[in-house]
Amino acid sequence: MINEKEYTKTSEQETPMTEGQQNILPLLPLKNVVILPKSIIPIIVGRASSIQAVEYALKKDKALFITTQKDSAVEVPTAADVFTHGTRSTILQVMRMPNGALKILAEGLVRSRMISATEQPEGFLSAECEDLPTTGLKQTVELEAIWRQLKDLYTAYSELNEKAPADLAVTARNAEDMDYITDTIAVHINLTFDERQMILEIVNLKERMLKLCYFLKKEIDILQTEQRIKGRIQTQVEQSQREYYLTEQMKAIQKELGREDQSSEIAQIRSKIKTLSLPADAQEKVEKELRKLEQMPPLSSEAVVSRNYIDWIVSLPWSKASKDTISLVQAEKILNKQHAGLAKAKERIIEFLAAKKFSKQLERSPIICLVGPPGVGKTSLAHSIAEALGREFVRISLGGVKDEAEIRGHRRTYIGSLPGKIIQAMKKAKYTNPVILLDEIDKMSRDAHGDPAAALLEVLDPEQNKTFVDHFLDTEYDLSKVMFITTANMLEGIPYPLFDRMEIISLSGYTEDEKLSIARKFLITKLLKEYNLTIKSFKIDDAMLRLVITQYTKEAGVRQLERTIAKLMRKTIQVLLKDKNTHSVTITNELIKEWLGYPKFKKTSLNERTRIGLATGLAWTEVGGDVLEIETTVIPGKGGLTLTGQLGEVMQESAQAALSYIRSRAGELGLKQSFYTTKDIHVHIPEGATPKDGPSAGITMCVALISALTNKPLRSHLAMTGEITLQGRVLAIGGLKEKLLAARQHDVTTVIIPKENSDDLQDISKEIDLKGLKIVMVSTMDEVLPAAFEDATFKKISQKVETKKTKKPNDKKKKN
């Protein structure tokens, strides 16, 4: 509202001009404001040129030509900077402000067009302008129709916009009234600067009304959309206010009931859940449990179950992964530093690192099973693999596990239920890609509660473990990024479906030289640090270490060796404490016998004197290789075969197959065809308290039987291994590395092995030194006999067989 008392009254009489009359008026340029005819607006005049124009108009007839600048940024506009179409206006009131500016109230009289502009000496522009009376004032049906449309649109607009006066759309008596009301409507609706200038420049009434109808329709659509948005926002605000009010009420109630801590705890859980990137299913389950928890008393049993479930979901890693170390050199250095030997296992890890470095998309980790005797470093190797990869390491012991729920967890319906070992390991690791060791996977059993090996089928299958479902969580959990490493002593204890899912890496027992290296590089260093000794205070040379290894330990690994060396160090500490003048102890043979006693393990004494009916075989055990002597005696009887020495079924069948082979070749061996009807044969393998089994002693028993039946001695310092068939073929065997090591330890100079193991021999020769050991590879018993016996008879037998193989039958002539 303009306070009329603040203004100096001026003449309100409009100076009339005839149609097309030209007049020179002071030009007042406005910024972003368009004045229309019949409109009265207040204007702040602050520019010096504009003040001069107003002062000039006040001295004359208060008439101004008011137009708008094209660019509001121009401070000193010229004729080219303003629109040619404006309004001839008059000043109704003026008020002088303290800063020298003027505040005027101007009324638009009629549309006008600037013909030219001239700069006056006072510093303002004067415009030569002509009035533009409205055209198309003839009353027609079309004009009436447009007017009614305009009136209806404005009525609708005024209903949507409370600021617009509703009484403008009155009945027009003639076209002049329509002209007046149209401009008045244009003043009161929300138009942009460009749209108002467009309305100003339209002289024809019909066109102006049509354009205004278009603008009104657009404004109505905008206002209707605004109202819909406002309604939705209002609904949301009301809902939010309602929720806030109810939440505050619940807080007050919970405070009275002593549950205030529970509410803050739930709020903290909700904020933490937002950072976990939970899958949709897990998110839904947690929200459901949280809503239930809010309604329960904090100390109720149901609340404890729900809170326990939520705690497990929140504590698990869902998307957080550790960054792998992709340096092949560093990984290889770590593996070699912490473990001697184990070349195949190390090579497989380096392969995985190389593949991951080459392919950034490789997410799936290998599933490796390390198989080997106790103490060879399977568990510690898994820890070193995790360190080489830069991942977290978690160990799960499966020995004695017999319940499926140990793997999959218990359902929440049971009291005290928990997730399975796999989910517990993931919580402990805190990352989605740890190294998890499943130790002693061959020691699991089964009972009425299920088979844990069957539950592991999903865990160890790369195609299935990305959707692993624990019974406790009851939602899918991704295990595809986890590197699973399993360990086992024997493959026979692993079910085949589980075996098929793993990559098997066999770790054989350490050789004597490898044990010596491990003791020198790892065990002694570790124990010196543990017992606070130095290299100078405890001295032991390689000869004494080798003595301890061979005579005081018998194992595939180095656990017994570590304990034995630790005992020597403890004895050394006793000596150092008793005699203050002694600062160093050197381990000698006498000290070893005094502190450790007499040798516990001695080499199997081989009878090298009487070699008739006595053959030396090679055996594999869990603690490494060994030799066994097979004794055979022939006595008068009725053809019986006696086998003693606690032999397994396979070994007994090998003895029967060897005897059948001898009977089929009796003539060639120099035996009577009916030799077995008048003689009994007794085969015995010493150390009867130790169970023995396997087919690899087949050729050894066969050779011992032939020696006893023919009364011919075998070569000395000879050992052999191989499976025999009824036709005398020699088949491949396992554990060749351990067997060759046992042969070398027992001063054997010649070893007979199957030719089918030639590839294994090449790999073994890279790991151990076979110098001084003659290896004879055979494929049939005809090749075994000349290598085993010194007697020339067996060489002739072999030559006859070779001749039969190479000799071609003569072509027979056809009879006429």
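Residues numbered from 1 in each chain as written. Predicted model: local features only at pLDDT ≥ 70, side-chain atom pairs only at ≥ 80, totals over all residues. Heavy atoms only, no water.

Attention shifts here to the overall build of the protein chain. Within the protein chain, the secondary structure is distributed over 25 helices and 25 strands. Relative to the compact-globule value of 28 Å for 816 residues, the protein chain shows a C-alpha radius of gyration of 53 Å, a clear excess of over 25%. Dimensions along the principal axes, computed over C-alpha positions, put the protein chain at roughly 160 × 110 × 60 Å. Relative to its 816 residues, the protein chain shows a buried fraction of 45%. Contacts in the protein chain between residues at least 24 apart in sequence constitute 73% of all its contacts with a sequence separation of at least 6. (Helix = DSSP H or I, 4+ residues; strand = E, 2+ residues; numbered from the N terminus. Rg over C-alpha atoms; globule rule 2.2 N^0.38 Å. Buried < 20%, exposed > 50% of the residue type's maximum accessible area, 1.4 Å probe, protein only. Contact = heavy atoms within 4.5 Å.)

We now examine the confidence of the model for the protein chain. Here the protein chain shows a mean pLDDT of 83. Residues at 70 or above account for 90%. Overall, residues 1–20 carries pLDDT values under 50, and its contacts beyond four positions in sequence, including any with other chains, amount to 32 contacts. Taken as a whole, residues 808–816 scores under 50 in pLDDT and shows 0 contacts with residues more than four places along the chain or in a different chain. (pLDDT = per-residue confidence, 0-100.)

In this section: the pattern of salt bridges. Tallying each qualifying case throughout the model produces 30 salt bridges. Note that Arg 148 is salt-bridged to Glu 144, the shortest N-O span being 3.5 Å. Here Glu 144 and Arg 148 lie together in helix H2 (residues 141–160), a separation of 4 residues that amounts to about one turn. Assessed through its relative accessible area of 51%, Arg 148 is described here as exposed. Note that Asp 183 and Arg 208 form a salt bridge whose closest N and O atoms lie 3.2 Å from each other. Placement of Asp 183 in helix H3 (residues 175–188) and of Arg 208 in helix H5 (residues 205–257) is noted, with a sequence separation of 25 residues between them. Classification of Asp 183 as buried rests on a relative accessible area of 1%. With relative accessibility at 0%, the residue Arg 208 sits in the buried group. Salt bridges linked by common partners bring Arg 111, Asp 179, Asp 183 and Arg 208 together as one network. (Salt bridge = Lys/Arg side-chain N within 4 Å of Asp/Glu carboxyl O.)

Let us look at the packing of aromatic side chains. Summed over all chains, the structure comprises 8 aromatic pairs. On the basis of an interplanar angle of 35° and a centroid distance of 6.2 Å, the ring pair of Tyr 154 and Tyr 157 is categorised as tilted. You can see Tyr 154 and its partner Tyr 157 sitting in helix H2, 3 residues apart, about one turn around the helix. For the pair shown, Tyr 154 and Tyr 157 are each scored as buried. Their ring planes at 65° and their centres at 5.0 Å tell us that Trp 318 and Tyr 477 sit as a pair that is edge-to-face. Pair noted here: Trp 318 is in the loop between helix H8 (301–315) and helix H9 (328–338) and Tyr 477 is in strand S12 (residues 476–477), with a separation of 159 residues, a long-range link. Residue Trp 318 is classed as buried on the basis of its relative accessible area of 14%. (Phe/Tyr/Trp six-rings, centres within 6.5 Å; stacked < 30°, edge-to-face > 60°.)

Now for helix H21 (residues 698–710). Look at H21: 18 Å from first C-alpha to last across 13 residues, which is about the 18 Å you get at 1.5 Å a residue. In terms of burial, H21 is largely enclosed, as 13 of its 13 residues are buried. Following H21 by one or two positions, Asn 711 has its phi on the positive side, about 60°. (Expected span 1.5 Å × (residues − 1).)

Further remarks concern a nonpolar patch on the surface. A cluster of nonpolar side chains, namely Ile 229, Ile 233 and Val 237, defines an oily patch on the protein surface of about 220 Å² accessible area. With respect to the helices and strands, the residue Ile 229 is situated in helix H5. Assessed through its relative accessible area of 38%, Ile 229 is described here as partly exposed. (Patch = residues over 30% accessible without salt bridge, like charges linked within 9 Å, V, L, I, M, F, W, Y side chains within 5 Å. Areas by Shrake-Rupley, 256 points an atom, 1.4 Å probe, with all protein chains shown as cover.)

Since the α-helix packs 3.6 residues into each turn, any two residues three or four apart lie on the same face. Among all positions in H9, only Ala 331, Ile 334 and Leu 335 are buried. Here the buried residues of H9 occupy an arc of 95° about the axis, which is enough to place them on one side. Opposite its buried face, H9 presents the exposed residues Val 329, Lys 333 and Lys 337, each directed more than 90 degrees away. Looking at the buried positions of H9, the neighbouring elements they touch are helix H10 (343–358) and helix H11 (378–389). (Arc of directions from axis to C-beta.)

Now for the pairing of strand S20 (residues 679–684). Pairing geometry for strand S18 (residues 624–636) and S20, over 6 bridges, is antiparallel. Each residue of the ladder has a partner; that of Val 634, found in S20, is Ile 681. Where strand S19 (residues 641–644) and S20 come together, 4 bridges link them in parallel fashion. Bridging from a neighbouring strand, Leu 643 pairs with Val 683 of S20. Since S19 and S20 lie parallel, the crossover through helix H20 (residues 649–664) that links them has a hand, and here it is left-handed. (Pairing = 2+ DSSP bridges. Right-handed = clockwise from strand over helix to strand, strands pointing away.)

Here the focus is the packing of helix H22 (residues 736–745) against helix H23 (residues 758–767). At a minimum axis distance of 10 Å, the contact between H22 and H23 shows a crossing angle of 55°. The orientation of H22 with respect to H23, classified from their angle, is oblique. For the pair H22 and H23, the sense of crossing is right-handed. Where H22 approaches H23, its residues Leu 736, Lys 737 and Leu 740 are matched on the opposing element by Asp 760, Leu 761, Ile 764 and Glu 767. (Axes fitted to C-alpha atoms, helices over the stretch in contact; angles between N-to-C directions. Parallel < 35°, antiparallel > 145°, perpendicular 65-115°, else oblique. Left-handed = near helix turned anticlockwise from the far one by under 90°.)

Our focus in this paragraph is the pairing of strand S6 (residues 102–119). Sheet analysis places strand S3 (residues 40–45) next to S6, joined by 6 bridges and oriented antiparallel. Of the residues in S6, the one forming a bridge with Pro 42 is Leu 105. Pairing between strand S5 (residues 85–96) and S6: 11 bridges, direction antiparallel. Bridge pairing links Met 95 to Lys 103 in S6. Hairpin connection from S5 to S6: 5 residues lie between these consecutive antiparallel strands, with Gly 100 at a positive phi of about 95°. Taken together, the 7 bridges between S6 and strand S7 (residues 125–131) define a ladder with antiparallel strand orientation. When the sheet's bridge partners are listed, Ser 116 is paired in S7 with Glu 128.

All right, on to the side chain of Glu 555 then. Mapped onto the elements, Glu 555 comes out in the loop between helix H17 (542–551) and helix H18 (559–578). A polar contact is formed between the side chain of Glu 555 and the backbone nitrogen of Gln 560, at a distance of 2.9 Å. In this structure the side chain of Glu 555 is engaged in a polar contact, spanning 2.9 Å, whose partner is the backbone nitrogen of Leu 561. (Polar contact = N/O pair within 3.5 Å; in protein donor to acceptor, adjacent residues only side chain to side chain.)

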